[in-house]
Amino acid sequence: QVQLVESGGGLVQAGGSLRLSCAASGKSFSINRMGWYRQAPGKQREPVAHITSGGMTNYADSVMGRFTISRDNDKNTVYLQMSSLKPDDTGVYYCNADVRVGPFQVRYDRWGQGTQVNVSS
């Protein structure tokens, strides 16, 4: 079983920065794409940023130029550096990973438990 554990959320003023981390743990697994989603109160979960194992990235238009996703493949960890934060960035941020497990590389879509980000105006 592969687990994802996020950290780094918190309360920050508008214009500030936060860095989220998500570490994957388990046995005999590999990870292709990793990413971050967020869910604001009363809204659906939406993609924020993704990164492939080769380092290709893509971002939601709303965070382009302000957020940077990166990963450390040796540590099975993905990061989200968030800068110039806005109140609209408030929500629960979830880590997601496309995981392959075992000798037959069975594919799973794994989610973390979420970390709260609050941006005050």
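Conventions used here
Residues numbered from 1 in each chain as written. Predicted model: local features only at pLDDT ≥ 70, side-chain atom pairs only at ≥ 80, totals over all residues. Heavy atoms only, no water. Helix = DSSP H or I, 4+ residues; strand = E, 2+ residues; numbered from the N terminus. Rg over C-alpha atoms; globule rule 2.2 N^0.38 Å. Buried < 20%, exposed > 50% of the residue type's maximum accessible area, 1.4 Å probe, protein only. Contact = heavy atoms within 4.5 Å. Pairing = 2+ DSSP bridges. Disulfide = S-S within 2.5 Å.

Asks: Describe the overall build of the protein chain, naming the residues involved and giving the relevant values.
Replies: Tallying secondary structure elements over the protein chain gives zero helices and 11 strands in all. A globule of 121 residues ought to have a C-alpha radius of gyration of about 14 Å, and the protein chain, at 14 Å, matches this closely. With respect to the three principal axes, the spread of C-alpha positions in the protein chain is 50 × 25 × 20 Å. When burial is assessed residue by residue, the protein chain has 42% of its 121 residues classed as buried. Considering only contacts in the protein chain between residues 6 or more positions apart, those separated by 24 or more positions represent 55%.

Asks: Quick one: what's the story with the pairing of strand β11 (residues 115-120), residue by residue and with numbers?
Replies: Residues Thr115, Val117 and Val119 line the buried face of β11, whereas the alternating positions Gln116, Asn118 and Ser120 sit on a face that is not buried. Relative to β11, strand β2 (residues 10-13) is paired through four bridges, and the arrangement is parallel. Directly across from valine 12, in β11, lies its bridge partner valine 119. Alignment of strand β9 (residues 91-101) against β11, held across three bridges, turns out to be antiparallel.

Asks: Run through the pairing of strand β1 (residues 3-7), naming residues and quoting values.
Replies: What you see with β1 is a clean split: Leu4 and Glu6 sit on the buried side and Gln3, Val5 and Ser7 on the side with no burial. Pairing geometry for β1 and strand β3 (residues 18-25), over five bridges, is antiparallel. When the sheet's bridge partners are listed, glutamine 3 is paired in β3 with serine 25.

Asks: Just give me the short version of the state of the cysteines, but keep the residues and values in it.
Replies: Within the structure shown, the criterion is met by one disulfide. What pairs with cysteine 22 in a disulfide is cysteine 95, and their sulfur atoms sit 2.1 Å apart. The disulfide joining cysteine 22 to cysteine 95 has a torsion of about -80° about its S-S bond and is therefore left-handed. Taken as a pair, cysteine 22 in strand β3 and cysteine 95 in strand β9 lie far apart in primary sequence, 73 residues in all. One exposure class covers both cysteine 22 and cysteine 95, and it is buried.

That's the geometry; what it means functionally is another story.
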